[in-house]
Amino acid sequence: MDAILGGMALVFNLETMAVILACAAFGVFLGAVPGLTATMAVALLVPVTYFMDPIPAIAAMVTTAAVTIFAGDIPGAYLRIPGTPSSAAYVDEAYQFSLRGKASECLGVALVCSVIGGVAGTLVLIFVAPSLAEVALKFSSFEYFWLAVLGLSCAIFIASASRLKALLSLCIGLFLSTVGLDLITGSPRFTFDVPDLMAGVNFIPVMIGMFAIAEVMRFSAERGDDLKVVVKDSGKVFGEVRPALRKHWPSVLRGSGTGSLIGVLPGAGADIAAWVSYAISRKMSKTPEKFGSGHIEGIVEAGSSNNAAVSGSWVPALVFGIPGDSITAVVIGVLYMKGMNPGPAIFLNGGEMIYGLFTVFIVANLVMLPVGYIAIRASKGFVATPPRIVMPIVLAFCVVGAYAINNSSVDIILMLLAGLAAFVLGLASFPIAPIILGLVLGGLLEKSFMTSMMRSNGDLTEFFSRPISAGLGTLVLVVWFLPLVVRLLNSLRRSTSTAA
């Protein structure tokens, strides 16, 4: 009990609380700027943490990561431009709310669900960290292959229009993921003798281009006489929270659970959690036809999932020193720097420090409510500002965000080419989100498949030889073929009833 009280005392003091509030405001700004991801926001804080005590330093990073993930929803709702990759899963859904003048209500629901998901992920971290981390450690290349295939399948099943077009878009993303050095031979592929492409195509400039630059191009392509400010927002921030939670509380629980579990898997993170949860929400919904037209159910589940994954990713980071995502990969270095060496001993020898860390997670997620509310109210400036002023500012931030990743002009060119491609594909009603998902997961898919084939000497049955791998493989096959079986049974039932 003394250790718990001591840990709380490390958090509830002027210095730590000031750091939490300041980093919450910092996270809102970074998350709302397209291209400036949560990982980048946390990385920018590393030099500052040199001058902080351990708990304030960790509090700065936890708060920044959590708030940045939510803040990415703000430009998605108002401009159809996701601020962070995890917001891309439901950006079209959120934008439809703004077209109906309900952007504030949508963001209010997303904010509350993000807080619930973050707290749920923290509870998972506190109570079941060791056992969940042990399960994640059992994942080999076979399990990661099926996990990547499952994530890619989501791109097809969440398609609101033609699944064939979604599949073709996904193939474009998978092709982009092959650019760079071959994993086996080390020879360059599709690099066109550009040294910056040897490491592959960075998905952040591509995401900025396909969502932000394409939106700027669509705006510029409109006739000046036809331009209208279609986004009007006069709603209350928390006006729809109670009805949404009352109606879709199973989605909140399911999204929080899914995000926590995916967050525990090393390398998965909030991006995959949001995509998977949105796809699950659509498949489990009683009204799947409403998805894509501004349906709150998908936002409730995916919004809960992405912040739960942020907290869940700390399970392998703290217990075994294995980063759960790119954010915790940065934070692990700070933990070592502050003398909090990750590993099982941190729970035995941490004492007040580990309880202070748990308290930081809870406080950081709860602080999102007032800070997020202020951010949503302030974001109504998007409505009052004419698009001819907003779009150049967005373009400037996009160029800065793309260049800041690697300080490379090649990333700016990639961003512009991706924007042009998305603009042309949009004219033919091709979905853009599957391209991003294919680019993100393509590397994991190839690496896990090639590693598995070398380990099994080309024996494909080895993909079903391990219990977890067999379970994931069976789940993928069910996802693929169950709709076909259901459709076949329905057609047979109809033909039988007609014959009778």
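Focus: the overall build of the protein chain
Working step 1: The number of helices and strands found in the protein chain is 23 helices and two strands.
Working step 2: Among the 500 residues that make up the protein chain, the fraction classed as buried is 54%.
Working step 3: In the protein chain, of all internal contacts separated by at least 6 residues, the share reaching a separation of at least 24 is 78%.
Working step 4: Split by element, the accessible area of the protein chain, about 21500 Å² in all, is 68% carbon and sulfur.

Topic: unusual backbone geometry
Working step 1: With phi around 55 degrees, F192 is a residue other than glycine that occupies positive phi space.
Working step 2: Tracing the backbone through its elements, the reader meets F192 in the loop between strand 2 (188-189) and helix 11 (203-221).
Working step 3: The exposed category is assigned to F192, whose relative accessible area is 71%.
Working step 4: Positive phi, close to 55 degrees, is recorded for N457, a residue that is not glycine.
Working step 5: Mapped onto the fold, N457 is located in the loop between helix 22 (433-455) and helix 23 (467-499).

Digging into the packing of aromatic side chains
Working step 1: The tally for this structure, following the rule as stated, stands at ten aromatic pairs.
Working step 2: Among the aromatic residues, those joined into a ring-pair cluster are F142, F145, W146, F449, F463 and F464.
Working step 3: Directly above the ring of F97 sits R100, whose terminal nitrogen or CZ lies 4.8 Å from the centroid.
Working step 4: Its end group placed over the ring of F430, K165 keeps NZ or CZ at 5.5 Å from the ring centre.

Remarks on the pattern of salt bridges
Working step 1: A full pass over the atoms with the stated rule returns four salt bridges.
Working step 2: Between D182 and R189 there is a salt bridge, with the nearest N and O atoms lying 3.2 Å from each other. Across this residue pair, the class does not change: D182 and R189 are buried.
Working step 3: Each of D182, R189 and E446 takes part in one network of salt bridges that share partners.

Some remarks on the nonpolar core
Working step 1: In this structure, I58, M210, I299, W314, V331 and L357 are the most contacted members of the largest nonpolar core, which totals 134 residues.
Working step 2: Sequence-distant contacts of I58, that is, excluding residues within four places in its chain, are made with W314, V331, V334, L335 and L357.

Quick look at a nonpolar patch on the surface
Working step 1: A cluster of nonpolar side chains, contributed by F464, L477, V478, W480, F481, L482, L484, V485, V486, L488, L489 and L492, occupies part of the molecular surface with about 1100 Å² of accessible area.
Working step 2: Here F464 shows up in the loop between helix 22 and helix 23.

Rules used in this analysis
Residues numbered from 1 in each chain as written. Predicted model: local features only at pLDDT ≥ 70, side-chain atom pairs only at ≥ 80, totals over all residues. Heavy atoms only, no water. Helix = DSSP H or I, 4+ residues; strand = E, 2+ residues; numbered from the N terminus. Buried < 20%, exposed > 50% of the residue type's maximum accessible area, 1.4 Å probe, protein only. Contact = heavy atoms within 4.5 Å. Areas by Shrake-Rupley, 256 points an atom, 1.4 Å probe, with all protein chains shown as cover. Phe/Tyr/Trp six-rings, centres within 6.5 Å; stacked < 30°, edge-to-face > 60°. Lys NZ or Arg CZ within 6 Å of the ring centre and 35° of its normal. Salt bridge = Lys/Arg side-chain N within 4 Å of Asp/Glu carboxyl O. Core = buried A, V, L, I, M, F, W, Y, C linked by side-chain atoms within 4.5 Å. Patch = residues over 30% accessible without salt bridge, like charges linked within 9 Å, V, L, I, M, F, W, Y side chains within 5 Å.

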